[in-house]
Amino acid sequence: MDIRQLGANLQEVRDRKPLVHNITNVVVTNFTANGLLALGASPVMAYARQEVAEIAGIAGALVLNIGTLNEVEVEAMKLAGRAANERGVPVVLDPVGAGASAYRTETARSLLDELDIAIVRGNAAEAANLIGRDWTIRGVDAGAGGGDVAELARQAALKLGCVVAITGETDYVSDGRRTAAVRGGDALLTRVTGAGCLLSSVIGAYAAVVPDPLEAAVAALAAYSAAAELAAARAGKQGPGSFQIAFLDLLWSVSPSDVERLGKVEVVEG
Amino acid sequence: MDIRQLGANLQEVRDRKPLVHNITNVVVTNFTANGLLALGASPVMAYARQEVAEIAGIAGALVLNIGTLNEVEVEAMKLAGRAANERGVPVVLDPVGAGASAYRTETARSLLDELDIAIVRGNAAEAANLIGRDWTIRGVDAGAGGGDVAELARQAALKLGCVVAITGETDYVSDGRRTAAVRGGDALLTRVTGAGCLLSSVIGAYAAVVPDPLEAAVAALAAYSAAAELAAARAGKQGPGSFQIAFLDLLWSVSPSDVERLGKVEVVEG
Amino acid sequence: MDIRQLGANLQEVRDRKPLVHNITNVVVTNFTANGLLALGASPVMAYARQEVAEIAGIAGALVLNIGTLNEVEVEAMKLAGRAANERGVPVVLDPVGAGASAYRTETARSLLDELDIAIVRGNAAEAANLIGRDWTIRGVDAGAGGGDVAELARQAALKLGCVVAITGETDYVSDGRRTAAVRGGDALLTRVTGAGCLLSSVIGAYAAVVPDPLEAAVAALAAYSAAAELAAARAGKQGPGSFQIAFLDLLWSVSPSDVERLGKVEVVEG
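The model shown is predicted, which means the values in this text are computed figures rather than measured ones.

About the thresholds
- Residues numbered from 1 in each chain as written.
- Chains lettered and ligands numbered in written order.
- Predicted model: local features only at pLDDT ≥ 70, side-chain atom pairs only at ≥ 80, totals over all residues.
- Heavy atoms only, no water.
- Least-squares fit on C-alpha atoms with pLDDT ≥ 70 in both.
- Contact = heavy atoms within 4.5 Å.
- Salt bridge = Lys/Arg side-chain N within 4 Å of Asp/Glu carboxyl O.
- Helix = DSSP H or I, 4+ residues; strand = E, 2+ residues; numbered from the N terminus.
- Buried < 20%, exposed > 50% of the residue type's maximum accessible area, 1.4 Å probe, protein only.
- Pairing = 2+ DSSP bridges.
- Axes fitted to C-alpha atoms, helices over the stretch in contact; angles between N-to-C directions.
- Phe/Tyr/Trp six-rings, centres within 6.5 Å; stacked < 30°, edge-to-face > 60°.
- Buried area = accessible area lost by both parts, 1.4 Å probe.
- Nonpolar A, V, L, I, M, F, W, Y, C, P; charged D, E, K, R; others polar.
- Expected span 1.5 Å × (residues − 1).

*Asks:* What am I meant to see in the relation of the copies chain A and chain C here?
*Replies:* Two chain copies, one operation linking them: a rotation about an axis together with a shift along it. Of the transformation placing chain A onto chain C, the axial shift is 0.0 Å and the rotation is 120°, giving an RMSD of 0.0 Å. On the angle and the small slide along the axis, the relation comes out as a three-fold axis. Within chain A, Val26 of chain A has its C-alpha nearest the rotation axis, a separation of 3.8 Å. A share of only 4% of the interface residues of chain A reappears at the interface of chain C, consistent with the copies meeting through non-equivalent patches.

*Asks:* What exactly am I supposed to notice about the pattern of salt bridges here?
*Replies:* Pairing between side chains becomes possible if they bear opposite charge and their charged atoms approach one another. Residue and element names in this part refer to chain C. Applying the stated rule across the entire model yields 39 salt bridges over all chains. Two residues, Arg154 and Glu151, come together in a salt bridge whose shortest N-O distance is 3.0 Å. Of this pair, Arg154 and Glu151 both sit in helix H7 (residues 146-160), three residues apart, which is roughly one turn of that helix. Relative accessible area serves as the criterion here: at 21%, Arg154 is assigned to the partly exposed category. Of the residues examined, Glu151 reaches a relative accessible area of 29% and is grouped as partly exposed.

*Asks:* Even after reading the chapter, I still don't get the sheet that holds strand S4 (residues 91-94) of chain A, so can you show me in this structure?
*Replies:* Through backbone hydrogen bonds, the strands of a sheet pair up, either in parallel or in antiparallel fashion. Residue and element names in this part refer to chain A. Pairing is mixed across the open sheet formed by nine strands, whose spatial order is S2-S1-S3-S4-S5-S6-S7-S8-S9. For this open sheet the edge positions go to strand S2 (42-45) and strand S9 (264-269), each flanked by a neighbour on one side alone. Across the sheet, the mean angle separating the axes of adjacent strands is 20° when strand polarity is ignored. Sheet topology note: the strand S6 (residues 163-166)/strand S7 (residues 171-174) ladder contains three bridges and is antiparallel. Residue pairing across strands places Val164 opposite Ser174, the latter belonging to S7. Contacting strand S1 (19-23) and S2, helix H2 (residues 29-39) crosses the sheet at an angle of about 155° to S2.

*Asks:* Help me understand the packing of aromatic side chains in this model?
*Replies:* How two aromatic rings sit relative to each other is set out by the distance from centre to centre and by the angle between their planes. Applying the stated rule across the entire model yields six aromatic pairs over all chains. Ring geometry for Tyr224 of chain B and Phe247 of chain B: centres 4.9 Å apart, planes at 80°, overall edge-to-face. Taken together, the residues span a long stretch of sequence, with Tyr224 of chain B in helix H9 (residues 213-235) and Phe247 of chain B in helix H10 (residues 240-253) at a distance of 23 residues. The buried category is assigned to Phe247 of chain B, whose relative accessible area is 1%. Following the ring pairs from residue to residue traces out a cluster consisting of Tyr224, Phe243 and Phe247 of chain A.

*Asks:* Help me out: how do you make sense of the interface of chain A and chain B in this one?
*Replies:* Interface size, as often reported, equals the accessible area lost upon joining of the parts. Listed by partner, the interface residues are 29 residues for chain A and 23 residues for chain B. Carbon and sulfur atoms supply 54% of the area buried between chain A and chain B, which totals about 2,000 Å² over both sides. Our count for the contact surface shared by chain A and chain B stands at two salt bridges. Ionic pairing is found between Glu71 of chain A and Arg49 of chain B, a salt bridge with its closest N-O pair at 2.7 Å. Among the secondary structure elements, those contributing two or more residues to the side of chain A that touches chain B are helix H5 (102-114) and helix H10 (240-253) of chain A. The dominant element in the side of chain A that touches chain B, judged by the number of residues it contributes, is H10 of chain A, at five residues. Each residue belonging to the side of chain A that touches chain B can be placed in one class, and the counts come to 13 nonpolar, twelve polar and four charged.

*Asks:* How should the relation of the copies chain A and chain B be read in this particular structure?
*Replies:* Between chain A and chain B, which share one sequence, the superposing operator has a rotation angle of 120° and an axial displacement of 0.0 Å; the RMSD is 0.0 Å. When the interface residues of chain A are mapped onto chain B, a mere 3% of them again lie at the interface, so each copy presents a different face.

*Asks:* Looking at this structure, how should I read H10 of chain A?
*Replies:* Since the α-helix packs 3.6 residues into each turn, any two residues three or four apart lie on the same face. Residues and elements named next belong to chain A. Helix length check: H10, at 14 residues, gives a terminal C-alpha distance of 19 Å against a target of 20 Å (1.5 Å per residue), a fit within 8%. Of all 14 residues that make up H10, twelve are buried, and the element is covered over most of its length. Three or more residues of H10 are buried, namely Pro240, Gly241, Ser242, Phe243, Gln244, Ile245, Ala246, Phe247, Leu248, Asp249, Leu250 and Leu251.

In structure tokens form, the structure reads like this:
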């Protein structure tokens, strides 16, 4: 894992403008599309079983988000996921609320069973639930000691057979062998709905242009954190509304050198 | 009704961060979630019949909004509503567009028939339609003399057997016995889509922590009006886009003492 | 075509506050409603087959947008479209992604076959696909020489039997006999999701109050471009988030004289 690549990876996203197919929840569609456009990627939302395979097959990445799932949408996710797998298009899964209802937990697991998922991004409680581990949920975020979350990411990656990114105050990314910590960002992100969902789609944009999914996830997290820090400095005192708008502005203007300067990536293992 | 409680009630929402389950329309999901997060509550949107009872059962309040209803969603509302009723979770109904189509009027009435609704929030035309009274609709808002709206709120509360909050230039809240008027706010709220819908969800957040539904609704309206006034002072001259963002900022920063200072609550009766 | 009418047409929208019924995609519902409210129109979103005919029948215009279509929604579009046709309510079609999947292309064509569409608004690739012409897509926008797009608009209008507005760096509007070019706007619009979708709905608002659909479309494009230029001057340097908010502000504050002063409308033919 070459963490000096952070800036170059951002530039690669901007240069190649990857098409990111999102099957995501109704709360965050607009923010997700605007965030991807601001970053320089090209979002497409398509849900109908008549077209998802066709769209996923030409995309650079497919992002599946179960935030407001229903059975029709889950069927579409599987059709899109199979098409993506056949064409070698990386698939990112955001298991929103796994553990909050049995239906979400089971759906997330069945997507992991039936599809070849490249990267899972969620909070610690969601990741723990996916692998059948108890995890105390404390508020919206789910945290215990940092060391534990790193270990959870490693175990989840091993058990799920993919890269797992667990985000929180510190983010941990692991492929089971290599584990990295990404620090930074801003607490106001927890007051913006869809901040995690958009992050999963940004990881998708990176995965479309960076072959190593661990490197893609780490670079995406570092850029996201840098944009959040700069947005908080610009508008954080005003509140979460102004912060959200400044964050979209910063996804557009954050530079590769900003990301290299502000990136706080540490190799925990591997 | 102790209107001096307005500030304390806001603090209670912030301290307890109630989980508010929203089954709401596709236009306002994002704004509703961001408004609740800004205020300090914890929003969850879940629509699938496989999970709504489970989610509603652990929520502090359930908010049903028929703004873009369909038969699948109405079924989910009833499943969620029954689970909420069984667990004593207060249910808020926003009968968006009751009267604009027969389907909306009938659906709103069937929800009121089949569920134990704690609070209805709508405009005067919607409230009048729910109880089968004619009401001249003038533009988006629905208004005649102030006295009439207070009386309409009282009659609707008696007929529907719950608290009714009718919002407009002046808001009226009644449980059939006690009626209060809440003044303030800003006309720019009528240029922000979902301002009424988010208000219904904010009433849900208050109902989760304030046992008396009349007091909950009045306190929510007072906080909402105070935030709107402060937002208009900060950004109203720029237009409804900037006002909307400032309003989210103010839901985050409005203080209990702001609400007590700006709150214009008058007991009309009771 | 009297292009001096641009300012008067905007005033007409503000004075008459037309009800615009949108059956649109889940990504842009909120932005569309806020944009129409800012402009002074009255948006309504309704999707259920039980009510769409009733709502469309009382609307000033109906806007159909296939951005996240599915079979249930397409059925609702046809029900609403037939009701609008029977009542003489103008129908605007936004064929989002026609050409991106077979399902979208076929659906857009079937809506054009079965309904009397007054105005189609799309990019050059979408318009070309609707009439079975090859068109090289270059990125999000679709462009070749300006002259070609004007000719494409004319041919599409003749073949589809309605007004066709093709938007891009320069917009072209044709009814097959008369063709106009509208210049201006700002490239940041391409970084705001739903900028094209909202434009289709704004065209709907104009079509509700301006009898000639060509004049309605041209006046809507001119007002939209003027608002975008003023928004870019106010907030463009900050980025697409701030631009989006300023654009909503400007849809509210752009004046008839701004539109006449900034409007760059040229009659290409007719």
